[in-house]
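So the chains spell out like this:
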Amino acid sequence: MISIVIPAYNAAATVGRCLDSLLAQTYRDFELIVVDDGSTDSTAQIISAYAERDSRIRLIRQENAGVRVFNYQIDDK
């Protein structure tokens, strides 16, 4: 299994297309970890809707950290 980490900030206009593209891949053994970096638009709601339909998607919400978004500690399941 591989993990794909996607940072997102105010990406409501594009995040659905991004997730659709990844979910359409032929390789199926992966998880998508989407880190919402304090978006003020509907980014988190869109990701949540995708996560309800596909258990491989995990949403992590945090206050805006800018370029430090990748410093987020992801705990093992």
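Everything below is about the structure shown above.
Keep in mind that what you see is a predicted model, and the values were worked out from it rather than measured.

Asker: Whenever I open this one, the sheet that holds strand β2 (residues 30-37) confuses me. Can you help?
Answerer: A sheet is described by the order of its strands in space; here three strands give the open sequence β1-β2-β3, paired in parallel fashion. Whereas interior strands pair on both sides, the edge strands pair on one side only; in this sheet they are β1 (2-8) and β3 (57-62). The sheet shows a mean angle of 20° between the axes of neighbouring strands, direction not considered. Sheet analysis places β2 next to β3, joined by six bridges and oriented parallel. If you follow Val-34 over to β3, its bridge partner there is Leu-59. Here helix α1 (residues 15-23) sits on the sheet in contact with β1, β2 and β3, set at roughly 170° to β2. Contacting β1, β2 and β3, helix α2 (residues 43-53) runs over the sheet at an angle of about 155° to β3.

Asker: Help me understand the pattern of salt bridges, please; the structure alone is not making it clear to me.
Answerer: Side chains bearing opposite charge may pair, as long as their charged atoms lie close to each other. Enumeration over the complete set of coordinates arrives at two salt bridges. Note that Arg-61 and Asp-36 form a salt bridge whose closest N and O atoms lie 3.4 Å from each other. On the criterion of sequence distance, the pair formed by Arg-61 in strand β3 and Asp-36 in strand β2 is long-range, its members being 25 residues apart. Overall, Arg-61 belongs to the exposed group, its relative accessible area being 54%.

Procedures and definitions
Every chain is numbered on its own, with residues counted from 1 as its sequence reads. For a predicted model such as this one, the threshold for reporting local features is a pLDDT of at least 70, and the threshold for listing and counting side-chain atom pairs is 80 or more; totals across whole chains, interfaces and linings nevertheless cover every residue. Side-chain measures here rest on the full set of heavy atoms in the structure, leaving out hydrogens and waters. The criterion for strand pairing is that DSSP finds at least two bridges linking the strands in question. Secondary structure elements are defined from DSSP: runs of H or I of at least 4 residues count as helices, runs of E of at least 2 residues count as strands, and each element is numbered from the N terminus. Whenever a helix is involved, its axis is fitted only over the stretch in contact; in every case the axis is a line through C-alpha atoms, and angles between N-to-C directions fall within 0 to 180 degrees. The contact definition used throughout considers only heavy atoms, calling two residues in contact when any of these lie within 4.5 Å. The rule for a salt bridge is simple: a side-chain nitrogen of Lys or Arg has to be within 4 Å of a carboxyl oxygen of Asp or Glu. Classification of residues uses two cut-offs on accessible area relative to the type maximum, computed with a 1.4 Å probe and protein chains only: under 20% is buried, over 50% is exposed, and between them is partly exposed.

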